[in-house]
Structures are given as structure tokens and as C-alpha cells.
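If you want the building blocks of each chain, they are given just below.
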Amino acid sequence: MPHKIGFVVVSSSGHEDGFSARELMIHAPTVSGWRSPRCCQFPQEIVVQMVERCRIRKLQLLAHQYMIPSKVEFYISHCLPEYLAPFQAERFRRLGYVSLCDNEKTGCRARELKSVYVDTEGQFLKLVFHQNHANKYNIYNQVALVAMNIIGDPVGCSNESNMASREKLVDHSLGQRTEDPALEGTCSGKSDHISPLDDLAFDMYQDPEVAQIIRRLDERKRDAVQQERYDYAKKLKQAIADLQKVGERLGRYEVEKRCAVEKEDYDLAKHKKRQMEQYRAQVYAQLELHSLVDAELVPRPLDLPLQPLVHSSSSSQLPPALPPPQEDSATENRLAEPIPLEQPSSHSLDVSSQLCSSDQPLSPSHPPRKAHPGAAVEPEKRDLDASEAPRAGAAGEPEPLTEKALREASSAIEVLGEALVARAYSKTWSFREEALLTLYQQLVDTPVGTPKEDLKGLLRAAIFLIRRSIRDIVTPVFQAALKVLKMVITQYIPKHKLSKVETTHCVERTVPVLLARTGDSSARLRVVASNFIQEMALCKEVRSLQMVPSYLVQPLKANASAHLALSQVALLARLLRDLGTDSTGFTVDNVMKFAVRALEHRVFQVREMAVCVILDLYRQHRSVVLEYLPPDDSASRKNILFKTIFEGFAKIDGRPTDAEIRAQRRAATEEAERRKKEEIKALQGQLAALKELQDGAQEKGSEAAKTRSPDSDRRCAAPRSTPEAAENPGLDNLCIFCGERSAAFTEEGLDLHYWKHCLMLTRCGYCRQVVEISSLTDHLLTECDQRDGFGRCYRCSEAVPKEELPRHVRSKDCHPAKPEKLANRCPLCHENFAPGEEAWKVHLMGPVGCTMNLRRTRLLFKAAALPQGRGPDTAQPGPSGPKAGSKIPTPKGGLNKCSGRTYRKQ
């Protein structure tokens, strides 16, 4: 029969402090689960080892209410290398994936329980978490998993050996008892039915102690059925149904108690604790009365308080993660509605009760608090007296003050009395908390007409004890100190109209200590301390003093912890948004000096937060901020932080970033290449049409010659001036570039003409190819053998050697080029002239055209030297040639077409 399979977390790609992946090995209403690091890279991975090689039938995931991955992939493996990183991808086989809802319909207040039915064998399971669903609460783009459950059958082992191996591995990893309720399962039977007691929803609803009893009673019920003791089995069945409601109610009481502690409502917490003890004792007594439970099933005496769910050897606390679905009624009715035995494959579990009936919605600046298990029995670092009571309100008196304490607290003893101070100095945390609550009440009850000196003395004595208690490692004592401090600033001082000097004293004595607590190893205490400092800074009594910002802009110490540095920078960023720089204690100078030094911190998150501070300040003071940063040049942009800052500035200013500029250039280059290909394709089409026209003209001329004379050898001797020849001149003896026609333009004659005389062509001085003058610039940049040594001038658009480009740009000879639609640009004389293809012939061949076309100037000089009345040879202007830049048929003589517009002499 498939049952719950215990597992051990082998490795994870990372986690936030206090939310280790090892939390997933515990199932209870108050677990916190795993949470990825802030601003992490995706995907994130978790690898678990099952306590035995098994055939997995069902996987269950309980997602966070707003840190939700978009997709979770599953991989299975039979073995894993001894080294854990990097994992061998081929060792894992992909099973598939599940997609999770973005939870927008519930307002991110419910958690999704996803059940996946599979049928595979293995011992190692890898979960891959992809990018999170974005929402306003998940400001650090994290993903989280509250709990996971594996249900399957063992492979190749007996039930006894399976149980032993599971207990051995899990006990070794967690240090827990073998009767840990989260790891027990039903292993007997061969049916494919999955017991509701193995479902993840059962453990996440039930009180762990009651869940353990339910499982034991279920085993007895099955034994009774096998022994055919049906009356006893029926009795056990009814007891299990009742205990399920008991466990749900005790789980709700536990969450309500810890929510009350979070809200500092200690009377309610004490009431809930007594209510739990009385209800539990009543239920156990009734079970014993009906002979359904004995000492074996009850793991502790009934008169002892609840212990933490994990032994002291566990490295992490278990804050509440999944409260019961509905609020309980005032009456304690054990026979409430039964929960359904079969859970759907995917359903949502409401967590609204986690908000402790508060009307305030979740927000990123006020994240939901996590209650701490066993807060009432949290030990201190020093050894405690065994005779001390484990909870508040314990009987007895605190130990007397030592001589050192008497000297240290002499001023407070004169005002508050030795009894109160002794409780504040006690080794028992409950006495210390009680002293602060007594002090709170004493400050509240102080009458208005009390002399000013007495009021000041009472305030300074209270601040002395508050400062000491802020350093306390016990959470209730720390929270009680914050409660008293808040009352002093917001109520005591305004009520008695004390001066700003007293408020200044409160801030000076407490803020440095609070800042130190923002570096605490507990993530929850760091958040509480940071939120309190922010609340204090925004309080009107403290805001006018402009003191809190002065502490936050102090340079980060090199030996400070990473938590302290990150909390200080994050707190500065939050207050800077709330307060601004107008008479608040924050100035552009002190903030920028702090942020620039923070850019050099060893922790990446600190540097990243410093960048955010600089960008926030730039939105308000743009030109001033730039004075504290290096110039925006290539040297500065080699630093990834400065590159990020300058690109952020560009976005704020509405300017394109480097990445956007590169993308635009890439798009422009691709568009130019596309147009060039289209032009080449068009020219090739024109050339093909021209060839067809030429071939047709030649065939017609040949047929006409054959008709006139049988002697085919006289075809070439036909007079050129005949009407047929005039009407169909063809392309023989014609230069298609300059349009000149000559009898000397045979195959070899055209070769020579192209190479030396054509006015529309020239030879490249670098690769000796014959190219059109109109395409010389493009040839040098894209086709020439020396093209890597040329660059295009942004002003005149001509090809210039790269080493001469800076001097060329600065020279006066570089005249701006007009757009192609408005003018052509001659690469020889560097002048702009009329646009169009025919304009090239006029410019390069006309009498008043390009003065730098050496072929033209030589021809003009030769024509001027001839006697008047004689013309050069028999050359005569022919019809206009093809468009400039078009291709010509490959000559059969000594020229080869090397590319679209270039020719090389063989």
C-alpha cells in the first residue's frame, strides 16, 4: 500500500536566511518551508534523497501564497555522485512539470496544494523552480515552497527493513525520535489505495501530537479488523474522526497564540495557551476513560506545556506557514464537521487566518510576520538555573542584583526601585519581560501634574532599561522593549509636554542599539528592528530632529556583518523615498558619499542596493549627483556597477541606453543588408533581361544577313550604316558604362577599354580591381582586400583609412555629405552634385565635370592637342548605357567579374 516516504534534503541552489530547504522535511501547521534568495537567478534547484529506493506514486507541493514559481520540473535518479556539485545532468531523468496559478483571483492570500500522480522508481528527486509570477508583494522576485510530500512503495525490501532504514536515515539527519509524526506512514497492505493520513493536507492541518495519536489508533484499527474485533474497530474509527477535529482546533489555537505574541497581546496569548492545555487534557482524559489511549500514545505528561516541534539540535525555527482554513466558533464542540477523506488533486488552502483577523492587507513594506515556535521557552546563551520557571508568570522571585549591576543601574534604582530593576536584570526571561510590562504601565499611569524633574528622571531610567532590553536575545523581551520605547516617544513625551531634549536623549540612546540589531542572525528580528527604526524616523516628534538619517549615512565598517550592511542600506533607501532631501537630515552630499563607498562593499546585495539609492537620488538632483561619479566614458563603463548606473540615468532621462543603441544599429545594419540584397537581385534581373535583348538582336541580325547573302563570312563586313543595322544596333562594340561605341570594342578591345580608358570606371589603389567610381566608397568598405583598414566618416560618408580618420574629421577638407535623395557624393573630388544615375555620367564625362577624374582630364588634354576639324578615331557616342552600378555580361577576354561592381585584370 503506498505510504508517506521520508526524505532528506541533499542540496539546494540557495535559500534566504531562516528559510532553508531542510524545513521541507518537517510537516506541521507552523512550518516555514524553503524560500529562494532575494533577486536570485533562475532556475533554482532542490535535490532530495528518499530514505529508501521506492516506486513513487504521488508528489504533493504546497506553494507559497505570493512567492509562486511559474513552473516546477521533476527529475528522478537512482544514484548520485558522492560530490554534490555540479550535478551530472545525465544521471537524472525528466518526469515532467506542473504549472502553478499566479493567485491573482485570491489576492495572493491563499496557497495552492498541487498533487501530481506519477509511476516511477528511484531514490533521488530533483525539483527545478522556474521564474516567479510577478505581483506587488514579491518585491525581490523570489520563489518559495511551504511543504512537499512523497507517497510511494518501497522497492526490493521488506516492510521491516524499510521502516528501519527510514528511521535510521531520518533520525541521523534530523535528530528526531523514531515516532516523529511527520515521518510515520502506513506501510502494510498491498492495495494501491493511499491513506488520507498520508496526505500532505492532513499534516498541515493537524496538531503534530494529535496526528501521531491518530496514526497509532489507525494501526490499532487495522489490527482489530484483522482480528475481527469489529466493535473495537468501530470505536476506534469514531475516535479517529473526533481526534481529527481536535487536532485541527489545537492547530488553530497554536496559530492564534503565536499571532497574539506577534501583536504583543500577551493576555490573549496566555489565554490561548491555557485553553490549549485544558482542551488537550480534557480530550486525553476522555480517550483514557474509553480505553482508547494509554501512556504509550501520549508522549509527555498532561500537565506539561507544549515543547517545540523540533529538538534543540535543529538549526532552524519553524514559523507558522499554514493556519487552519476557517475560524473556530466560541464553543468547543469536539464533534465538528468532518474533513473530507479524499483531497482533490489541486486545491487552495486559505491562509487568511494567518493575518490574525487584521484588516490591514499584505504589503511589501509590511510583510506578514512569522511566529517563532517555543518562544515561551527560548533559551539564552548563558546557562540557566534549573530551578527557573520556563514561562512568564512563573512563581518565585528574581535573584538579587550583583555589585556590578548595582553600580551600573544605580540611577534607575533610585527612580524605579530595586525590585523592578532586579527583575529587569534577572536571568529568567519571563521576569525581564514582566519588568518591562510593569514599567510600561507605570509610565502610562503617571499623572499629568507630576513635576518636570520627576518626569525627566523617570524617562531616563526607562530609557536605561529599554536600551539594555533591546540587546536581549529573547524575542518577547526585545518586543516588549520596543513597545515601551514607542509609548515613551509617541505618548509619554507629548502628554507631559517635555522638551525636544528628552526626545533627543531617547533617539541617541536607542537608535544605535537598534541599528546593531538589524544585523541579527535572525531574519525576523532584523525585519522587526528595521521596521521600528523606519516608523520612529517618520514619527513627527522624531522627524523634526533629523537624527535618524544622520545615523544611516555613517560609512559602512569594513568588519561589519553582511546582514548589518544590507539592512542599513535598505533602510536608508526606504527612508530616502519617504523623507526626501528637503530638511530631513538627508542631503545629496552625505547620501552620495555613503552610496559611493557602499559600491565598494564586498557583498553584492549591498552594492546592488547602493545603485538603487543613487538612481533614486538622481531622479531629484540630476546634475548634482553626477559630480560624485566618474565621467561617463568607456573606462568607467568597464565597471559593471557604473555601467548599470549610467544606463539607469539614461532611462530616467529618456535617452537610449547602450544596449538599445546597439540594437538600433544592428537593426539598421540588417535593414541595409536587406536593401542591398534586394538591389542586387533587381540588378541581376535587369542584367538577365539585357542579355536576352542582346541575344535576340544578334539572332535577328544573323538571320537578316543569311537572307541577303549565302556567304556567312560577309556578315561582319556588312555596312554599319544600313537601315537594319541602324534600327537594331544591339550591344556589340558598346561600352555599357560610358555608352561609347567603337569598332575597336571587340572582346579584347573592351577589356582594354575597361582597364584604361572608360571614364565611368577606375582602378582601386589597394587591390587593383576595376570598379565603378560611383561605388568606390562601398567597395573600399565592404569588398576591397584592405577593407578592414577603412572606416566611414560620419560627416562626409566617405571611406577613410582608420588611422587617418581622427585627423580627417578635424580637418577643414571634410565637407558634410547631403542625403542620398538630395545629392550624389563623388569619392574623387569630394563634391556634392545633382542626384540620380544620369548625373554621374554628366559629372564624370562632361566638360565641366569632375576635375579629379584622371582618365577624363587626359582625354580632354589629348583632344585639345589634335588639329582643329579632326576627331578622335572613329569613336562616336552611342545610346545611353545601363544604370550606374548595374552588372555587365562577363567578358570573354581578359576581365573576370569578381563581384557586383568590381573587375580584376588577369
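Reading the values: rules and limits
Residues numbered from 1 in each chain as written. Predicted model: local features only at pLDDT ≥ 70, side-chain atom pairs only at ≥ 80, totals over all residues. Heavy atoms only, no water. Helix = DSSP H or I, 4+ residues; strand = E, 2+ residues; numbered from the N terminus. Buried < 20%, exposed > 50% of the residue type's maximum accessible area, 1.4 Å probe, protein only. Contact = heavy atoms within 4.5 Å. Areas by Shrake-Rupley, 256 points an atom, 1.4 Å probe, with all protein chains shown as cover. Disulfide = S-S within 2.5 Å. Patch = residues over 30% accessible without salt bridge, like charges linked within 9 Å, V, L, I, M, F, W, Y side chains within 5 Å. Salt bridge = Lys/Arg side-chain N within 4 Å of Asp/Glu carboxyl O. Lys, Arg positive; Asp, Glu negative; His and termini not counted. Charge placed at Lys NZ, Arg CZ, Asp CG, Glu CD. Phe/Tyr/Trp six-rings, centres within 6.5 Å; stacked < 30°, edge-to-face > 60°. Axes fitted to C-alpha atoms, helices over the stretch in contact; angles between N-to-C directions. Parallel < 35°, antiparallel > 145°, perpendicular 65-115°, else oblique. Left-handed = near helix turned anticlockwise from the far one by under 90°. Nonpolar A, V, L, I, M, F, W, Y, C, P; charged D, E, K, R; others polar. Pairing = 2+ DSSP bridges. Expected span 1.5 Å × (residues − 1). pLDDT = per-residue confidence, 0-100.

## Here's the deal with the overall build of the protein
Along the backbone of the protein there are 28 helices and 19 strands. Every one of the 906 residues in the protein was classed for burial, and the buried ones make up 47%. Long-range pairs, those at least 24 residues apart, make up 69% of the contacts in the protein between residues at least 6 apart in sequence. Carbon together with sulfur atoms contributes 52% to the accessible area of the protein, which is approximately 46300 Å² in total.

## Some remarks on the environment of Arg795
Along the polypeptide, Arg795 turns up in the loop between strand 13 (790–792) and strand 14 (799–801). Judged by relative accessible area, Arg795 falls into the partly exposed class, the value being 27%. For the pair Arg795 and Val809, spaced 14 residues apart in sequence, the C-alpha to C-alpha distance is 7.6 Å. When residues no more than four places from it in sequence are discounted, the contact partners of Arg795 are Val809, Ser811, Cys814, His815, Pro816 and Ala817.

## Considering the state of the cysteines
Throughout the structure, instances matching the rule amount to zero disulfides. Not part of a disulfide, Cys108 finds its nearest cysteine sulfur in Cys101, a span of 9.1 Å. Residue Cys738 stays outside any disulfide, its sulfur separated by 3.5 Å from that of Cys735, the closest cysteine.

## Details of a negative patch on the surface
A cluster of acidic residues, Glu692, Asp695, Glu699 and Glu703, forms a negative patch on the protein surface. Accessibility expressed as a relative area gives 59% for Glu692, which makes it exposed.

## Describing unusual backbone geometry
In this chain, Phe42 is followed by Pro43 through a cis amide linkage whose omega measures 5°. Within the secondary structure, Pro43 is located in the loop between strand 3 (34–35) and strand 4 (44–63). Positioned with a positive phi, Cys39 is a non-glycine residue whose angle comes to about 50°. For Cys39, the location among the structural elements is in the loop between strand 3 and strand 4. A relative accessible area of 41% means that Cys39 is categorised as partly exposed. A positive phi angle, close to 65°, is found at Glu264, a residue other than glycine. Inspection of the secondary structure puts Glu264 in the loop between helix 4 (230–262) and helix 5 (266–289).

## Looking at the packing of aromatic side chains
This model, assessed by the stated rule, comprises nine aromatic pairs. Taking the centre distance of 4.9 Å and the plane angle of 85° together, the rings of Phe833 and Trp840 count as edge-to-face. The class of Phe833 is buried, set by a relative accessible area of 13%. Owing to a relative accessible area of 7%, Trp840 belongs among the buried residues under this scheme. A network of ring pairs unites the aromatic residues Tyr618, Phe642, Phe646 and Phe649 as a single cluster.

## With respect to the packing of helix 11 (residues 475–495) against helix 12 (residues 500–517)
Interhelical geometry of helix 11 versus helix 12 gives an angle of 155° and a closest axis separation of 12 Å. Judged on the interaxial angle alone, helix 12 and helix 11 are roughly antiparallel. Crossing angle aside, the handedness with which helix 11 passes helix 12 is left-handed. Between helix 11 and helix 12, the contacting residues are Phe478, Leu482, Leu485, Val488, Ile489 and Ile493 on the first element and Glu502, Thr503, Cys506, Thr510, Leu514 and Arg517 on the second. Of the residues that constitute the contact of helix 11 with helix 12, the class distribution is eight nonpolar, two polar and two charged.

## Notes on the pairing of strand 7 (residues 110–129)
Summarising burial for strand 7: 16 of the 20 residues are buried, a large majority. As paired elements, strand 4 and strand 7 share 14 bridges and run antiparallel to each other. When the sheet's bridge partners are listed, Val48 is paired in strand 7 with Leu125. Sheet topology note: the strand 5 (residues 71–77)/strand 7 ladder contains six bridges and is antiparallel. Paired with Phe74 across the strands is Leu127, a residue of strand 7.

## Side note on helix 16 (residues 562–579)
Its 18 residues place the ends of helix 16 25 Å apart at the C-alpha level, agreeing with the 26 Å of an ideal helix rising 1.5 Å per residue. Taken residue by residue, helix 16 has Ala565, Ser567, Gln568, Val569, Ala570, Leu571, Leu572, Ala573, Leu575, Leu576 and Leu579 as its buried positions. Buried residues belonging to helix 16 abut helix 12, helix 13 (523–538), helix 14 (540–543), helix 15 (548–552), helix 17 (588–598) and helix 18 (604–618). At the exit of helix 16 stands Gly580, carrying a positive phi of roughly 80°.

## Remarks on the pattern of salt bridges
Counted by the stated rule, this structure contains 36 salt bridges. The partner of Glu121 in a salt bridge is Arg53, and the shortest N-O contact between them spans 4.0 Å. Of this pair, Glu121 sits in strand 7 while Arg53 sits in strand 4; the two residues are 68 residues apart in sequence, bridging distant segments of the chain. Overall, the relative accessible area of 33% leaves Glu121 in the partly exposed class. Between Lys221 and Asp218 there is a salt bridge, with the nearest N and O atoms lying 3.4 Å from each other. Taken together, the positions of Lys221 and Asp218, both in helix 3 (residues 208–226) and three residues apart, correspond to about one turn of that helix. According to the relative accessible area criterion, Lys221 is partly exposed, its value standing at 23%.

## A closer look at a positive patch on the surface
The grouping of Lys756, Arg763, Arg768 and Arg858 at the surface amounts to a positive patch. Looking at the secondary structure, you find Arg763 in strand 11 (residues 761–763). When its relative accessible area of 33% is taken as the criterion, Arg763 is described as partly exposed.

## Side note on the confidence of the model for the protein
Summary statistics for the protein give a mean pLDDT of 76 and a share of 74% for residues scoring 70 or more. Contacts of residues 157–190 to residues separated by more than four positions or lying in other chains number 71 contacts, the stretch itself having pLDDT below 50. Counted against residues more than four places away or in other chains, residues 711–728, with its pLDDT under 50, gives ten contacts.

## Concerning helix 13
With 16 residues, helix 13 extends 23 Å from end C-alpha to end C-alpha; this agrees with the ideal 22 Å at 1.5 Å per step. Buried residues dominate helix 13, accounting for twelve of its 16 residues. Within the sequence span of helix 13, burial applies to Ala523, Arg524, Leu525, Arg526, Val528, Ala529, Ser530, Phe532, Ile533, Gln534, Met536 and Ala537. Against the buried residues of helix 13 lie helix 4, helix 11, helix 12, helix 14, helix 15 and helix 16.

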